[in-house]
Amino acid sequence: MQIYYFFSVVQKLAASFCIFACEIKFFWLVTTDSRATFGSKFGVILASVGSAVGLGNVWRFPYEAGANGGGAFLAVYLCCVFVLGIPMLLAEFYVGRATHRGAVGAFRKLTGNPFFSRLGYLGVLSSLFILGFYPVVAGWTFEYIWQSLTGNLTGLTSEEFSASFGAFSSSVWRPLLWVVAFLLLTHLIIAGGVQKGIERCSKMMMPVLFVMLVVLCIRSLMLSGAREGLEFLFKFNPSDIHPSVVLSAMGQAFFSLSLGAGCMITYASYFGQSTDLPRTAKVVALLDTLIAVLAGVVIFPAVFTFGIAPTQGPNLVFVTLPNIFSQLPMGNLWSLLFFVLLAIAALTSVISIHQVVTAYVEEEFRLSHAKSTTVVTVVAIVLSVFGSLSLGLLGNLTIGGMCLFDAMDYATAKILMPLGSMFISIFLGWKIGRTKLVDELTNGGTVRFRMAGLIAFVLKYVAPILIGLIFLSELGIIII
Ligand code: TRP
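Note that the structure is predicted; figures quoted are calculated from it, not measured.

Trainee: I keep staring at the overall build of the protein and nothing clicks. Help me out?
Mentor: Counting secondary structure elements, the protein contains 19 helices and 2 strands. Across the 480 residues in the protein, those meeting the buried criterion constitute 58%. For the protein, the exposed area adds up to about 19,000 Å²; of that, 68% sits on carbon and sulfur atoms.

If you want it as structure tokens, here you go:
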């Protein structure tokens, strides 16, 4: 029995290795021929997983859960992933694969309706905003890689870790250096194709990230605050559910699944005609959720053990994890490995966001791939320089009481992405209609998908109404 179990684990690991190899191959295809289709099933799945799994799971999910009451947030989050997330993934896959165009071109090709044909612009706008803060956090992972290499991440108290992160993130030059370095690396990969080295390394990175998260979970569960941490994350208290918790959970679900910003549309435009869309959507949603929950199980026991406030916000992971690492033998090595993996996960996500805008510039302005990549990288650098400086030097520059970094995060996850998703679902439910949708999702009836009818129903009625209600209640217009 045990031997059987061992083999099944080895088999699964081997499968995930292959998958990530294909993922990287996918990026290569994207970068060398923008209309290439992708041959392997695994590649399609893991290209999408590569986009979905990133800082959203390890950085954003824990701090949103921490700020929104833990268990209640998780419960609503899970509902959002399964009730809205999977149907919306399928909706974006439909739009991308049926047209083989980037977000803007796709809607224009699908409809002459003046409103819906412009829906793609909303996606490009969201992606631009995301490029203003996401790479900043990705840059922070570089700082932590550096700190691990120089051995500076051990022997500090919890307050000292917190103070040193605060000092770093609000300083001017270091975060800027890292964010620019990160975007240049992204640029090199998108512009030049993926070299063999990166390709080979990446085959191992993602499964290793997963394994490391599991190991860190085990370590975290042995801490004295484990019980409290798990209770915080898993104990569901219905009275904690407020409209703002629901909006945050929904926004997080969309963010984590890369939805509502044209990203999955753009990726699906590279899918082949035989890609099994329902299976891809299910696997993406499951893996993405699993990794987010694992990150939560790592973070919260440590939060309670080391007396860190779960409501910290964006600092949470960067203050909590070093505490765990410094308690491990060879802590610097652990933290080095972890932040390298996190940087890679962030890289595959940033590539996907960058690609939304690059595909737009390339298709709409008829620029070469190289030129459009450069234009987007320059724009991303400008935006993220402002995003980074807004945490210190430009802290007084606020929009709605939020600094630029927070405002861009808020505008995307809580306004643009849910709004984008709402319009896409209305478009598919009411303009495209059930017949065409079911036909595409089942590859013309060749793939079995028993829930196709249900998905069409959700997209027509449930998603628009639910997203609309959540919005209105957050704005205080209705009270649920
Ligand atoms: N989903 C990614 C994460 O969790 C981030 C991401 C990639 C994204 N592409 C996106 C977010 C498009 C919104 C839209 O880290």
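From this point, the narrative continues.
Trainee: Looking at this structure, I do not really get the nonpolar core. What am I missing?
Mentor: Generally speaking, soluble globular proteins have nonpolar side chains that are buried together. Counting residues in hydrophobic clusters, the biggest one holds 147 residues, and the most contacted among them are Phe338 and Leu428. When near neighbours in sequence (up to four residues on either side) are disregarded, Leu428 contacts Ala91, Tyr94, Val95, Gly433, Leu437 and Leu459.

Trainee: Explain the packing of helix H7 (residues 158–170) against helix H14 (residues 316–326) here, please?
Mentor: Helix packing for two helices is described by the angle between their axes and how far apart those axes are. Where H7 contacts H14, the axes come no closer than 9 Å and their chain directions differ by 135°. One way to sum up the angle between H7 and H14 is to call them oblique. The handedness of the crossing between H7 and H14 is right-handed. Here Ser158, Phe161, Ser162 and Phe165 of H7 come into contact with H14, specifically with Phe318, Val319, Pro322, Asn323 and Ser326.

Trainee: What am I meant to see in helix H15 (residues 331–364) here?
Mentor: Given 3.6 residues to a turn, an α-helix orients residues that are three or four positions apart in the same direction. Taking 1.5 Å of rise per residue, the 34 residues of H15 would be expected to cover 50 Å, and the 49 Å separating its terminal C-alpha atoms lies within 8% of that figure. Most of H15 is tucked away, with 26 of its 34 residues classed as buried. Of the residues flanking the end of H15, it is Arg366, one or two places downstream, whose phi is positive at about 50°.

Trainee: What's the story with a nonpolar patch on the surface in this structure? I'm lost.
Mentor: On the surface, Trp430, Met451, Leu454, Phe457, Tyr461, Ile465 and Leu469 cluster together to form a nonpolar patch covering roughly 700 Å² of accessible area. At 5 residues, the largest contribution of residues to the nonpolar patch is made by helix H19 (residues 452–474). With respect to the helices and strands, Met451 occurs in the loop between helix H18 (434–441) and H19. Judged by relative accessible area, which is 46%, Met451 ranks as partly exposed.

Trainee: Quick question: what am I supposed to make of the pattern of salt bridges here?
Mentor: Think of it this way: side chains of opposite charge can pair up when their charged atoms draw near. With the rule as written, the count across this model stands at 7 salt bridges. The residue Arg97 makes a salt bridge to Glu440 at a minimum N-O spacing of 2.9 Å. One end of the pair, Arg97, is in helix H4 (residues 71–99); the other, Glu440, is in helix H18, and 343 residues separate them in sequence. A single burial state applies to Arg97 and to Glu440, both of which are buried. A salt bridge links Glu143 to Arg174; its shortest N-O distance comes to 3.1 Å. Here Glu143 is found in helix H6 (residues 119–149), whereas its partner Arg174 is found in helix H8 (residues 173–192), with 31 residues between them in sequence.

Trainee: I tried to follow the packing of aromatic side chains on my own but got confused; where do I start?
Mentor: A ring pair, where both rings are aromatic, is described by two values, the distance of the centres and the angle of the planes. Following the criterion strictly, the structure yields 32 aromatic pairs and no others. Summarising the aromatic geometry, the rings of Phe61 and Phe73 are spaced 6.0 Å apart at their centres and angled 55° between planes, so their arrangement reads as tilted. In this pair, Phe61 sits in helix H3 (residues 55–67) while Phe73 sits in helix H4, placing the two residues 12 residues apart along the sequence. You'll find Phe61 and Phe73 in the same group, each marked buried. Ring centres of Phe115 and Phe423 lie 5.1 Å apart, and the angle between their planes is 80°; this geometry places the pair in the edge-to-face category. With Phe115 in the loop between helix H5 (103–110) and H6 and Phe423 in helix H17 (residues 404–432), this pair connects stretches of sequence that are 308 residues apart. Residue Phe115 is classed as partly exposed on the basis of its relative accessible area, which comes to 44%. Here the aromatic residues Phe133, Tyr134, Trp140, Tyr144, Phe165, Phe168, Phe255, Phe318, Phe325, Phe338, Phe339 and Phe405 are joined through ring pairs into a cluster of three or more. Over the aromatic face of Phe255 sits the side chain of Arg60, whose NZ or CZ is 5.0 Å from the ring centroid. Above the plane of the ring of Trp430 lies Lys460, whose end atom (NZ or CZ) is 4.5 Å from the centre.

Definitions and cut-offs
- Residues numbered from 1 in each chain as written.
- Predicted model: local features only at pLDDT ≥ 70, side-chain atom pairs only at ≥ 80, totals over all residues.
- Heavy atoms only, no water.
- Helix = DSSP H or I, 4+ residues; strand = E, 2+ residues; numbered from the N terminus.
- Buried < 20%, exposed > 50% of the residue type's maximum accessible area, 1.4 Å probe, protein only.
- Areas by Shrake-Rupley, 256 points an atom, 1.4 Å probe, with all protein chains shown as cover.
- Core = buried A, V, L, I, M, F, W, Y, C linked by side-chain atoms within 4.5 Å.
- Contact = heavy atoms within 4.5 Å.
- Axes fitted to C-alpha atoms, helices over the stretch in contact; angles between N-to-C directions.
- Parallel < 35°, antiparallel > 145°, perpendicular 65-115°, else oblique.
- Left-handed = near helix turned anticlockwise from the far one by under 90°.
- Expected span 1.5 Å × (residues − 1).
- Patch = residues over 30% accessible without salt bridge, like charges linked within 9 Å, V, L, I, M, F, W, Y side chains within 5 Å.
- Salt bridge = Lys/Arg side-chain N within 4 Å of Asp/Glu carboxyl O.
- Phe/Tyr/Trp six-rings, centres within 6.5 Å; stacked < 30°, edge-to-face > 60°.
- Lys NZ or Arg CZ within 6 Å of the ring centre and 35° of its normal.

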